[in-house]
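The residues making up each chain are set out below.
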Amino acid sequence: MATFLYKLGRLAFRRRHFVALIWVALLTLAGIGAASAPPAGNTSFSIPGTEAQKAFDLLEQRFPGASADGATARVVFKAPSGEKMTAAGNKAAVEKTVEELSAGSEVASVSDPYTGHAVSKDGTIAYTSVKYKVSGMELEDSSRTALKNAAQDAREAGLTVEIGGDALNAAPETGATEVIGIAIAAVVLVITFGSLLAAGLPLLTAIIGVGIGVCTVTALASTLDLGSTTSTLASMIGLAVGIDYALFIVSRYRAELAEGRTREEAAGRAVGTAGSAVVFAGLTVVIALVGLSVVNIPMLTKMGVAAAGTVVIAVLIALTMIPALLGYAGRKVKPAGEKSKLLGGSRTAKKPGGPNLGTRWASFVIRRPVAVLLLGVLGLGAAAVPAASLELGLPDDGSQPTSTTQRRAYDLLSEGFGPGFNGPLMVVVDAKDSARPKAAFTEVTDEIKGLKDVVTVTPAQPNKAGDTATVTVIPNSKPSSTTTEELVHAIRDARADIKAKTDADVLVTGSTAMNIDVSQKLNDALFPYLALVVGLAFLLLIVVFRSLLVPLKAALGFLLSVMAALGAVVAVFQWGWLSGLMGVEQTGPVMSMMPIFMVGVVFGLAMDYEVFLVTRMREAYVHGEKPSQAIVTGFRHGARVVTAAAVIMIAVFSGFIGSSESMIKMIGFGLAIAVFFDAFIVRMAIVPAVLALLGRRAWWLPRWLERALPNVDVEGEGLRAHDAHRTDPDDDRELVRA
């Protein structure tokens, strides 16, 4: 592979006009496709295999036109101090609001608080429920505007009015966080390379790659039913790996120049060696993202595949466009150790041959490997302790900041009707096979009334055929509590007895039950997903490093960093440690998709750092250096750029901590702390300590397995033989023969 990529890099360097034209043409085509594509339209959300989804599907069949999964809004009214909602003026304001809401084209129904028993016992709080024909993801902006305007009119009449439900849930805006991340990346790259031009190349290629990927996702959004979160994840991951991959190739190019090679030769060798690491690092990220399909949540699968496609584009751009741009840059990109004129003239950053910080750190670890290993493992182990108390759930309005109308509506409803009122359960009774459907409906209602934690059970509401009914259950506890989850399971456990008595089936659904089912589905999928991703990557790393212990060490180190990161997330978002510093206003369960999301994203980035750092050690070892000296060589050439890549990723992810959305805040913090743990403790401390203790055993591979494995030559050993037999360097046909 190194020889093939070497020739590809030289070809791209020489034919830079052609390569640049191809990528510009692809970006243009993707942009035109995105601009001319039909709007994304209605994004469906389904969770196949869950009971809540089965109930939704059944309601669609038995209650046609009822829009079982339609968006809902609760407009909550509170009377001025000392007044009641039943006062004539207040009642007139509410009735006017109901009338305004009913005029919406997407509105299916609006309840009247005074005829629907939606006034609190003390008479100070009332609410109206708005049911829409489409889901919250499909709701038009005009409907949301009409909802807000109606609430504002009631406020002007003197009432306190807040809006809850999922109707206001629009795609969260992260503001300028991505711009801030790119700005920090630019500063770090300038410091790393000592050159504005060299620093600009990774940024330029990463932005082009993200542009192609996001425009392609936008162009296909309507056809493939892709949501806005899909392009957000694709841009975040694409930007991260795009900068990383270009960073390593440019860094290797400058190192080759410093060894006295011509610019074309340096470009070829940079792509042949660092490019090989890029290919396999990209494969690990693709495996992690595509592996999300095992969860069997269509939206998550599409997000993973779209992000994986952006990663593939980032790899291809790094292998072709970077050497082409290096050809355009010419002498403006300096050899390693030299600064550009703008940043200090032609002065060298340090004396030639002087040990850099990476060399000194690696030498220190080699002298004290046991102490460094124990300190790193114990430190991460201590950080992972809170993960033992991990509670999973999905965020609801109760986890929103108190400054939002959704949270204030949630609190008003809890004050007037109890905490469980914010998460009603919908029980669907399928009595199609029952000889006495009405008796079955009564039996279900009576059974549920006898369960713990039940405040209210509404009478059954049958469909026109009389074979299916819905029963609304109001729990006594808040939606995200374990008590409510136990109630859902208790209703489902009673299904067998009800079936035996009435031949009717019982299904529990609603947003609360759906959240519980999604959490359980993600929880059940975590270990199969982890086994698949780590297993495939382990096999891939065996091929890359031609070793059993190095991939095993890489996988165990990753698990340690992920557990430590989950522990930090629990400490901040569940226990409330440093919550004020992080802007966490409401502690609660950790988002259900957080563990599996962290495993996928962090695993890909962690293996990036592992491949880039250890392949340089492997290269030095294969070329004759002793194991300890190979570790030092790997750090001398790789520590600076791995550090830069990690700092850039931490800065990008940390920008999301400032988001007002608790979910985005949690993802940003979790990914930032995970990259910190993995890059600086696992890869920079534990990895060299373990390799120092193993010595030559680290690179051991059974002979039978060595013969069976393909020789991908990531370390570039084949380039030496190629040097001896190289034909005309201008003969592009070498690439075809390779």
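Within each chain, residues carry numbers counting from 1 in the order of the written sequence. For this predicted model, a pLDDT threshold of at least 70 governs which residues receive local features, and a threshold of 80 or more governs which side-chain atom pairs are given and counted, while totals over whole chains, interfaces and linings are taken from all residues. Note that water and hydrogens are dropped before the side-chain values are worked out from all heavy atoms of the structure.

1. Points about the overall build of the chain
Consideration 1: By the criteria applied, helices consist of DSSP H or I runs no shorter than four residues and strands consist of E runs no shorter than two, each listed in order from the N terminus. Looking only at helices and strands, the chain has 25 helices and eleven strands in total.
Consideration 2: Put simply, the chain has 738 residues, and 55% of those count as buried.
Consideration 3: Throughout, a contact is declared for two residues whenever any of their heavy atoms are within 4.5 Å. Look at the contacts in the chain between residues 6 or more apart in sequence, and 78% of them connect residues 24 or more apart.
Consideration 4: Surface accessibility in these figures is a Shrake-Rupley result with a 1.4 Å probe; residues are shielded only by whichever protein chains are displayed. If you sum the accessible surface of the chain, you get close to 30900 Å²; carbon and sulfur atoms cover 60% of it. Each residue's exposure class comes from its accessible area (1.4 Å probe, protein chains only) as a fraction of the maximum for that residue type: buried when under 20%, exposed when over 50%, partly exposed otherwise.

2. Details of the pattern of salt bridges
Consideration 1: Salt bridges, as used here, are contacts in which a Lys or Arg side-chain nitrogen is within 4 Å of a carboxyl oxygen on Asp or Glu. As enumerated under the stated definition, the model contains 19 salt bridges in all.
Consideration 2: Note that Arg14 is salt-bridged to Glu264, the shortest N-O span being 2.6 Å. Separated by 250 residues along the polypeptide, Arg14 in helix α1 (residues 2–14) and Glu264 in helix α9 (residues 263–290) bring together distant segments of the chain.
Consideration 3: For Glu264, a relative accessible area of 19% gives the class buried.

3. Thoughts on the nonpolar core
Consideration 1: Counting 175 residues, the largest nonpolar core has Ile237, Tyr245, Ile249, Tyr253, Phe558, Phe669 and Leu671 as the members making the most contacts within it.
Consideration 2: Each residue touching Tyr253, except ones within four places of it in the same chain, is listed here: Phe13, Arg263, Ala266, Ala267, Ala270, Leu326, Gly330 and Val333.
Consideration 3: Residues belong to one nonpolar core when they are buried, are Ala, Val, Leu, Ile, Met, Phe, Trp, Tyr or Cys, and are joined through side-chain atoms within 4.5 Å. One finds Leu101, Val130, Ala167 and Leu168 within the second-largest nonpolar core, a separate group that totals 27 residues.

4. Here we look at helix α11 (residues 357–367)
Consideration 1: Considered for burial, the residues of α11 that qualify are Gly358, Thr359, Ala362 and Val365. Projected down its long axis, α11 carries its buried residues within an arc of 130°, all on one side. Away from the buried face of α11 by more than 90 degrees, exposed residues Leu357 and Arg367 are located. In this context, the arc is that of the directions from the helix axis out to the C-beta atoms.

5. A look at the packing of α9 against helix α10 (residues 298–329)
Consideration 1: Angles shown run from 0 to 180 degrees and are taken between the N-to-C directions of axes, each axis being a line fitted to C-alpha atoms and, for helices, limited to the stretch in contact. Relative orientation of the contacting elements α9 and α10 amounts to 180°, with a least axis distance of 9 Å. It follows that α9 is roughly antiparallel to α10 by the angle criterion. When α9 is examined against α10, the residues Ala267, Val271, Gly275, Val278, Val279, Gly282, Val285, Val286, Leu289 and Val290 are found in contact with a partner set consisting of Gly304, Ala307, Ala308, Val311, Val312, Val315, Ala318, Leu319 and Pro323.
Consideration 2: Across the contact of α9 with α10, the residue classes break down as 16 nonpolar, three polar and no charged. Angle categories: roughly parallel below 35 degrees, roughly antiparallel above 145, roughly perpendicular from 65 to 115, and oblique for all the rest. Under the scheme applied here, ten amino acids are nonpolar (Ala, Val, Leu, Ile, Met, Phe, Trp, Tyr, Cys and Pro), four are charged (Asp, Glu, Lys and Arg), and all others, including Gly, are polar.

6. Quick notes on the sheet that holds strand β2 (residues 107–110)
The strands that make up a sheet pair up through hydrogen bonds in the backbone, lying either parallel or antiparallel.
Consideration 1: Read from one edge to the other, the open sheet built from four strands follows the order β2-β3-β1-β4, with strand pairing classed as antiparallel. At either margin of the open sheet sits one strand with a lone partner, and together these are β2 and β4 (160–165). On average, adjacent strands in this sheet sit at an angle of 20° to one another, irrespective of strand direction.
Consideration 2: As paired strands, strand β1 (residues 72–78) and β4 are joined by six bridges and run antiparallel to one another. Paired with Phe77 across the two strands is Val161, which belongs to β4.
Consideration 3: In this fold helix α4 (residues 88–102) packs onto β1, β2 and β3 (125–132), with an angle of close to 160° to the strand it touches most, β2.
Consideration 4: Contacting β1, β3 and β4, helix α13 (residues 405–417) crosses the sheet at an angle of about 100° to β4. Pairing between strands is defined by DSSP: at least two bridges between the two strands are required.

7. Brief notes about the confidence of the model for the chain
Consideration 1: Overall, the prediction assigns the chain a mean pLDDT of 81, with 87% of residues at 70 or greater.
Consideration 2: Every residue carries a pLDDT, the predictor's confidence in it, which falls somewhere between 0 and 100. When the elements of the chain are averaged for pLDDT, helix α25 (residues 733–737) gives the smallest value, 42, and helix α12 (residues 369–384) the largest, 93.
Consideration 3: In this model residues 346–352 is a low-confidence stretch, pLDDT under 50, and it forms eight contacts with partners more than four residues away in sequence or in other chains.
Consideration 4: Here residues 727–738 is modelled with pLDDT under 50, and outside its nearest four sequence neighbours on either side it reaches 22 contacts, counting other chains as well.

8. Focus: the pairing of strand β10 (residues 505–509)
Consideration 1: Extensive coverage of β10 is indicated by the burial of four of its five residues.
Consideration 2: Looking at chain direction, strand β6 (residues 425–430) and β10 are connected through five bridges and run antiparallel. The partner of Val429 across the bridge, within β10, is Val506.

9. Focus on unusual backbone geometry
Consideration 1: Look at Asp453: it is not a glycine, yet its phi comes out positive at around 70°.
Consideration 2: With respect to the secondary-structure elements, Asp453 resides in the loop between α14 (437–449) and β7 (454–457).
Consideration 3: Even without a glycine there, the phi angle at Asp503 is positive, about 65°.
Consideration 4: Structurally, Asp503 can be placed in the loop between α16 (495–502) and β10.

10. Quick notes on helix α2 (residues 16–36)
Consideration 1: With 21 residues, α2 should reach 30 Å at 1.5 Å per residue; the first-to-last C-alpha distance of 30 Å fits that figure.
Consideration 2: Of all the positions in α2, only Val19, Ala20, Trp23, Ala30 and Ala34 are classed as buried. With its buried residues spanning 100° around the axis, α2 presents them on a single face. Of the exposed residues in α2, the ones pointing more than 90 degrees away from its buried face are His17, Phe18, Leu21, Leu29, Ala35 and Ser36. Expected span of a helix: the number of residues minus one, times 1.5 Å.

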